[in-house]
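The chain contents come next:
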Amino acid sequence: MTRVPIWHSVEEVPADLGATAVSIGNYDGVHRGHRFVLDQLRHHAESRSLAPVALTFWPHPRHVMGQPARTPLLTGHEDRDRLLLLAGMHGVLDLEFTLDFAQHSPEDFVRIFLVEGLGMKCAVLGEDALFGRANSGDIGTMRELGERYGFEVVTVADLGPQGAGSGRISSSGIRSDLLEGEVRSANAALGRLHTVTDVVHHGFRRGRELGFPTANLGPAPAGLIPADGVYAGYLTVTEQAPAHLGTRPLAGAPATISIGTNPTFEPDGAAQRTVEAYVHGAHDLDLYGDTVRLEFVDFQRPTLKFDSAAALVEQMGRDVEVTRHTLAAEHSPPATDG
C-alpha cells in the first residue's frame, strides 16, 4: 500500500525518511511567494542529500487565537496540503494548532518537532520568520538553536511581483483581490487558478427549469468565495459519489460560474449566498454527491436582478458565450491532478 506523505504527528513520520530540510509556514494559498521558498528548500535539500519537508498547521493559528473573521482562508485543508506535495515536498507535517500547542517555547518547538520529529539538518526560512510561544522566536533564535542542535539555517528573500526582493506576494493581498472579484490579479499572484471545492448539493432546480442546469455547492465550501458575480472557469470532479463510480469523471470542463443570492427570484436579503456552475452543454449531467473543484479564470459581470425569467435566460445565454470566448483566449484548460 502506498503511503500518503502527509503526517499529523511526529509519530506518523516514517522511520526511513532520513535527514530533512524543512520550511515552516501556514502556506495559505500556496502562492508564488510560498513556492519560491519551497523551490529554494528543494534546491538546498537536493544539494545536501536531504528530504524536503514542509511543516504547517491546521487550523490557521489566527483562527485559534481569535481572528477568524479577519483571515478567510484561500484554500481548504486538503487542497493546501495537496498543493504542498505538488510543489515537490517529500512530505508534509501538518500539525493541529491548539491553544496548548501555541504554548511551546521556541526551543521546545524546534527540538520536539524539527530536530527529534523530522531529523532536520537544514532550516530554510524567510528573514522575518517567527515561531514558538507568542512568536517569540525569530531567525536569530533559529540560528542559535542550529548551533546547539546541529542544523544549518538558510534564509530566503521574499518574492515580489517582479521577482525576489521586489516587494512581497502575500495571502492577505490575494484575499483582497478575490473579495473585489479581481480573480485575474489573484491568479497572477497565486501562479495558478483560484479554486473552491465542495460536494454538489441539491438546489432549487431553477437552472434546470431554465435550460441551464447547475452544480450547486454547499454554504461553506473549501476555499475563499470571490465577490458576487458571474465568472468564466472550469469544473473538475475530484471524487465521485458511489452511485457514479464506473463513469468517467469530468476534468477541466468549461463552466460559467455564478455567485450571489439569486435576486431575480428572492426578495432582497432573503436568500442565502450560493455558488453554482453551469457545465457547458451538460444538460443531463448528474453530479449530486460528487466532490468538485471550481477554478476561476475571469470575472464577467456583477450579479443583477432581472424583470423576468425570460430576460435572465437571455442573459445566461450571453454569459455562456462570454465564457467560451474567455476560455478560448486562455488557449488551454487547467492542469488536473485529481
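The coordinates are above.
Residues numbered from 1 in each chain as written. Predicted model: local features only at pLDDT ≥ 70, side-chain atom pairs only at ≥ 80, totals over all residues. Heavy atoms only, no water.

## Looking at the packing of aromatic side chains
Next, step 1: The full count for this structure, using the stated rule, is 11 aromatic pairs.
Next, step 2: Here a set of aromatic residues connected by ring pairs shows up, and it is made of F57, F97, F101, F109, F113 and F131. (Phe/Tyr/Trp six-rings, centres within 6.5 Å; stacked < 30°, edge-to-face > 60°.)

## Regarding helix α4 (residues 106–116)
Next, step 1: Turning to α4, its buried residues number three or more, namely P106, F109, V110, F113 and L114. For α4, the angular spread of buried residues about the axis comes to 110°, placing them on one side.
Next, step 2: Summarising the contacts, the buried residues of α4 are in contact with β2 (20–24), β3 (51–58), β4 (91–96), β5 (120–126) and α5 (139–149). (Buried < 20%, exposed > 50% of the residue type's maximum accessible area, 1.4 Å probe, protein only. Helix = DSSP H or I, 4+ residues; strand = E, 2+ residues; numbered from the N terminus. Arc of directions from axis to C-beta. Contact = heavy atoms within 4.5 Å.)

## A few points about the nonpolar core
Next, step 1: Residues I174, L235, L294 and F296 are the most contacted members of the largest nonpolar core, which totals 31 residues.
Next, step 2: At the level of secondary structure, the elements contributing two or more residues to this core comprise α6 (171–179), α7 (183–190), β11 (229–239), β12 (253–260), β13 (274–279) and β14 (291–301).
Next, step 3: Sequence-distant contacts of F296, defined by excluding residues within four places in its chain, comprise V183, N187, L193, H194, V196, P226, Y231, A232, G233, I257 and I259.
Next, step 4: Of all hydrophobic cores here, the second largest spans 28 residues; its members include V13, F57, F113 and L125. (Core = buried A, V, L, I, M, F, W, Y, C linked by side-chain atoms within 4.5 Å.)

## Side note on the sheet that holds strand β1 (residues 6–7)
Next, step 1: One open sheet holds the 6 strands; their spatial order is β1-β4-β3-β2-β5-β6, and the pairing between them is parallel. With one partner strand each, in any of the chains shown, β1 and β6 (152–156) form the two edges of the open sheet.
Next, step 2: Seen against the sheet, helix α1 (residues 32–47) touches β2, β3, β5 and β6 and runs at an angle of roughly 145° to β3.
Next, step 3: Along the sheet, α5 makes contact with β2, β5 and β6, crossing β6 at roughly 155°. (Pairing = 2+ DSSP bridges. Axes fitted to C-alpha atoms, helices over the stretch in contact; angles between N-to-C directions.)

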